[in-house]
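Notes for the structure review
Read off the chains here:
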Amino acid sequence: MQQRQNGAIRFFEFESFDAARVSHAVFARQGGVSEGCWSSLNMSISVGDSRANVRENRERAFRAVGRVPHSVADLWQVHSADVVVAERPRDLSVDAARADILITDRPEVTLFLRFADCVPVLLYDPRRRAVALVHAGWKGTLLKAAAVAVQALADQYGSRPADLVAGIGPSIGPCHYEVGPEIVQQVRAVFDGRSAGLLVDAAGRTHLDLWAANALTLREAGVQQIEVAGLCTACHPADFFSHRGEHGRTGRFGALIGLV
């Protein structure tokens, strides 16, 4: 990924995405109005920050990358592999749908989700002109939400997996993501003989590599162009909110994607 800045807003873009045809960003935590543990570009009201602060932060972020704030389509994220097709921006007077995958082919819609260690997966189809945004924590990863998004693009827009460009964004890395025996067992059950490279032994403790797991899921779904940011949110608390790194008292950074 490459880092960019517009005023006080810092964000990261995948080098493999065509910036002239698709707008996207994973935002760092600077440049907002929130204070304390949410300082400063917190994008979620679910963590205790005020609605007014979050609204201002989101509007600043959208404007920084040239997207209209009211173009937003977002979700109430629940660690699922459920898909919502965003045919228009969300009516903000209505509660967001509960799901973790958004897809659209409408340039007037900006897909937007929030993260603090979970994996942002961005998908772009340059041929069929469609995009997807996925929120994949360990549950979504084991549900293979990234592959579900690939299939949803195929079903809805006729996308071919080989045409897709995928980006795996900043999230907690294998260096910090220690998991217990129950999750280890589930990883081995889901990935079978392919789990060895996903579970890393570190001083007698087992760590899960969410980046490798989602990249493997995408490859098995037929996606060939995959860029992995390799940025650990727990390693970079000055740049990203990290639920584990900050012991649950933190905000959420945003990721967006939309067609130009």
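Quick caveat, the model's predicted, so the values are computed rather than measured.

Considering the overall build of the protein
Each helix and strand in the protein was counted, giving five helices and 14 strands. Relative to the 2.2 N^0.38 estimate, which gives 18 Å for 260 residues, the radius of gyration of the protein is 17 Å and therefore close to what a compact globule would have. By principal-axis analysis of the C-alpha atoms, the protein measures approximately 45 × 45 × 35 Å. Out of the 260 residues in the protein, the part that is buried amounts to 53%. Taking the intrachain contacts of the protein between residues at least 6 apart in sequence as the baseline, contacts between residues at least 24 apart amount to 63%. When the accessible surface of the protein is summed, it comes to about 10900 Å², and 47% of that surface belongs to carbon and sulfur atoms.

A look at the nonpolar core
Among the nonpolar cores identified, the biggest contains 40 residues, and Leu123, Leu153, Leu208 and Leu218 are the most heavily contacted of them. Only β6 (101-104), β8 (119-125), β9 (130-136), α3 (145-157), β10 (165-168), α4 (181-191) and α5 (210-220) provide two or more residues apiece to this core. Per-element tally for this core: the top contributor is α3, with seven residues. Setting aside its immediate chain neighbours within four residues, Leu123 contacts Ala130, Val131, Ala132, Ala146, Ala149, Val150, Leu153, Val165, Ala166, Leu218 and Ile257.

Side note on the environment of Val65
Structurally, Val65 is set in the loop between α1 (51-64) and β4 (72-73). On the accessibility criterion, Val65 (16% relative accessible area) is buried. Filtering out sequence-adjacent residues up to four positions away, Val65 remains in contact with Phe11, Ser23, Ala25, Phe27 and Leu256.

Comments concerning the side chain of Arg252
The topology assignment puts Arg252 in the loop between β13 (225-228) and β14 (253-259). Buried Arg252, no salt bridge; nearest opposite-charge side chain is Glu246, N-O distance 7.7 Å. Contacts of Arg252, omitting those with residues within four sequence positions, involve Leu41, Asn42, Met43, Ser44, Val47, Arg114, Phe115, Ala116, Phe241 and His243.

Digging into α5
Buried residues dominate α5, accounting for eight of its 11 residues. With a side-chain oxygen positioned 3.1 Å from the backbone nitrogen of Trp211, the residue opening α5 is Asp209. Positioned one or two residues after α5, Gly222 has a phi angle of 100°, which is positive.

Concerning the pattern of salt bridges
With the rule as written, the count across this model stands at 14 salt bridges. Glu13 is paired through a salt bridge with Arg4; the nearest N and O atoms lie 2.5 Å apart. Overall, the relative accessible area of 39% leaves Arg4 in the partly exposed class. A salt bridge links Arg29 to Glu246, with the nearest nitrogen and oxygen atoms 3.2 Å apart. Residue Arg29 is found in the loop between β3 (22-27) and α1, and its partner Glu246 is found in the loop between β13 and β14; the two are separated by 217 residues along the sequence.

Thresholds, definitions, all that
- Residues numbered from 1 in each chain as written.
- Predicted model: local features only at pLDDT ≥ 70, side-chain atom pairs only at ≥ 80, totals over all residues.
- Heavy atoms only, no water.
- Helix = DSSP H or I, 4+ residues; strand = E, 2+ residues; numbered from the N terminus.
- Rg over C-alpha atoms; globule rule 2.2 N^0.38 Å.
- Buried < 20%, exposed > 50% of the residue type's maximum accessible area, 1.4 Å probe, protein only.
- Contact = heavy atoms within 4.5 Å.
- Areas by Shrake-Rupley, 256 points an atom, 1.4 Å probe, with all protein chains shown as cover.
- Core = buried A, V, L, I, M, F, W, Y, C linked by side-chain atoms within 4.5 Å.
- Lys, Arg positive; Asp, Glu negative; His and termini not counted.
- Salt bridge = Lys/Arg side-chain N within 4 Å of Asp/Glu carboxyl O.
- Polar contact = N/O pair within 3.5 Å; in protein donor to acceptor, adjacent residues only side chain to side chain.

Distances and angles like these do not, on their own, reveal function.
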